[in-house]
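Spelled out, the chains give:
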Amino acid sequence: ALALNGATLYLGGKFTSIAGQPRSRIAAVDAITGLLEKWNPTASYTVRTLGLYGSTIFAGGEFTTFGGVTRANLAALDATTGRVTSWNPGANDNVDALVAMGNVVYVGGSFTQLGGQSRDGIGSIDATTATVTSWYPSVSRSGYGYDASVGALAVAGETVFVSGAFDSIGGESRGGIAA
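Residues numbered from 1 in each chain as written. Predicted model: local features only at pLDDT ≥ 70, side-chain atom pairs only at ≥ 80, totals over all residues. Heavy atoms only, no water.

### Some words on the side chain of N94
Point 1. With respect to the element layout, N94 can be found in the loop between β10 (74–78) and β11 (95–101).
Point 2. By relative accessible area, N94 is classed as buried at 17%.
Point 3. Residue contacts for N94: discarding those within four places in its chain leaves R48, G61, E62, N73, G109, S110 and F111. (Helix = DSSP H or I, 4+ residues; strand = E, 2+ residues; numbered from the N terminus. Buried < 20%, exposed > 50% of the residue type's maximum accessible area, 1.4 Å probe, protein only. Contact = heavy atoms within 4.5 Å.)

### Points about the layout of surface pockets
Point 1. If you add up the space inside the largest pocket, you get close to 170 Å³.
Point 2. What lines the largest pocket is W135, P137, E158, T159, V160, V162, I169, G170, E172, R174, A178 and A179.
Point 3. Here the lining of the largest pocket takes three residues from strand β18 (residues 159–165), the largest share from any one element.
Point 4. Counted by class, the lining of the largest pocket contains seven nonpolar, two polar and three charged residues. (1 Å grid on protein atoms, 1.4 Å probe; cavity = no way out; pocket = protein on both sides within 12 Å on 5 of 7 lines; lining within 4 Å. Points joined across faces, edges and corners; volume = space filled by probe spheres on them. Nonpolar A, V, L, I, M, F, W, Y, C, P; charged D, E, K, R; others polar.)

### Some remarks on the sheet that holds strand β2 (residues 8–12)
Point 1. Pairing is antiparallel across the open sheet formed by three strands, whose spatial order is β1-β2-β5. Sheet topology places β1 (2–5) and β5 (26–30) at the edges, where each strand pairs with a single neighbour. On average, each strand axis in the sheet is tilted by 20° relative to the strand beside it, whichever way the strands run.
Point 2. Judged from the four bridges that link them, β1 and β2 form a sheet pairing that is antiparallel. Each residue of the ladder has a partner; that of N5, found in β2, is T8. (Pairing = 2+ DSSP bridges. Axes fitted to C-alpha atoms, helices over the stretch in contact; angles between N-to-C directions.)

### Thoughts on the nonpolar core
Nonpolar side chains in soluble globular proteins generally cluster together in the buried interior.
Point 1. Core analysis: the biggest nonpolar cluster contains 16 residues, and F58, L74, W87, V105, V107, L114 and I125 have the highest contact counts within it.
Point 2. Where this core is concerned, the elements lending two or more residues are β10, β11 and β12 (104–109).
Point 3. The residues contacting V105, other than those within four sequence positions of it, are F58, W87, L98, V99, A100, G123, S124, I125 and A127. (Core = buried A, V, L, I, M, F, W, Y, C linked by side-chain atoms within 4.5 Å.)

### Side note on unusual backbone geometry
Point 1. At R25, a residue that is not glycine, the phi angle is positive and equals roughly 75°.
Point 2. Take R25: it is sitting in the loop between β4 (21–22) and β5.
Point 3. A relative accessible area of 15% places R25 in the buried class.
Point 4. Residues other than glycine seldom take positive phi values, yet A130 does so here, at roughly 70°.
Point 5. Mapping A130 onto the fold places it in the loop between β15 (122–126) and β16 (139–140).
Point 6. For A130, a relative accessible area of 15% puts it in the buried group.

### Topic: the pairing of β15
Point 1. Most of β15 is tucked away, with five of its five residues classed as buried.
Point 2. With burial as the criterion, each face of β15 is covered, one bearing I122, S124 and D126 and the other bearing G123 and I125.
Point 3. Bridge analysis of β12 against β15 gives five bridges, and the strand direction is antiparallel. The residue bridging V105 from the neighbouring strand is I125, located in β15.

### Quick word on the environment of N103
Point 1. Structurally, N103 can be placed in the loop between β11 and β12.
Point 2. Residues N103 and T70, spaced 33 residues apart in sequence, show a C-alpha to C-alpha distance of 23 Å.
Point 3. Among residues more than four places away in sequence, those in contact with N103 are Y53, I125, D126, A127 and T128.

### Things to note about the pattern of salt bridges
Point 1. Tallied over the entire structure, the rule returns two salt bridges.
Point 2. Across the pair R48 and E62 runs a salt bridge whose closest N-O atoms are separated by 2.4 Å. With a gap of 14 residues between them, R48 in strand β6 (residues 47–53) and E62 in the loop between β7 (56–61) and β8 (65–66) connect regions that are remote in the sequence.
Point 3. Using a relative accessible area of 38% as the deciding quantity, one classes R48 as partly exposed.
Point 4. On the basis of relative accessibility, which here comes to 22%, the residue E62 falls in the partly exposed class. (Salt bridge = Lys/Arg side-chain N within 4 Å of Asp/Glu carboxyl O.)

Right, here's the structure in full:
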C-alpha cells in the first residue's frame, strides 16, 4: 500500500523491517532520497491500503491493533506523529481498498459489518466522526460458494469506481467492475 504526501511516501504491507530498521507493517520514507523517516506506528498484522486526507493517514487491512490501540481492520493516524487518532469505526473482516475524498472515507473489502452496521463489502465513513454513512451499494456474488469482496476503489468527482469479486452491486448486475 502507498500514499504520497508531499515528499513523504507512506508504505503499508506485511513487512517487519525496512532498510534494516524495525517497522511493523507501516513506515514512511522520503520520496526523493528514499531514506527511512522516524515516523513509526505499528500494526499487529498486514496493512493492505492507505489513504490520506489532510493531516490524517487512514489505514485498512487485517489488523487488530495499531500503535498498541485496539483497531478492527481500520485505523486513522496523525501523518506527522504517527499516533492513532480516536477515529474507530471498525470492520469485521479485511479492508482491502480505501479512498479518502472530501470528508468521506470509502472502504471496500470482505467485511459484512462496518461500524457495527450491515455493509456487504463496501461502505463509507465520515472522516471526522467515524460515523458510517447511508451510502450502501451492497456487493454480492452468486453461485461461487464464498462472499463477494471489493479489492479496489477510485473516486472522481461524485463517482466511485469499484472493482472486485462480485457479480452485482447496488442490486444491478455488474461483472466485477462498476461505477
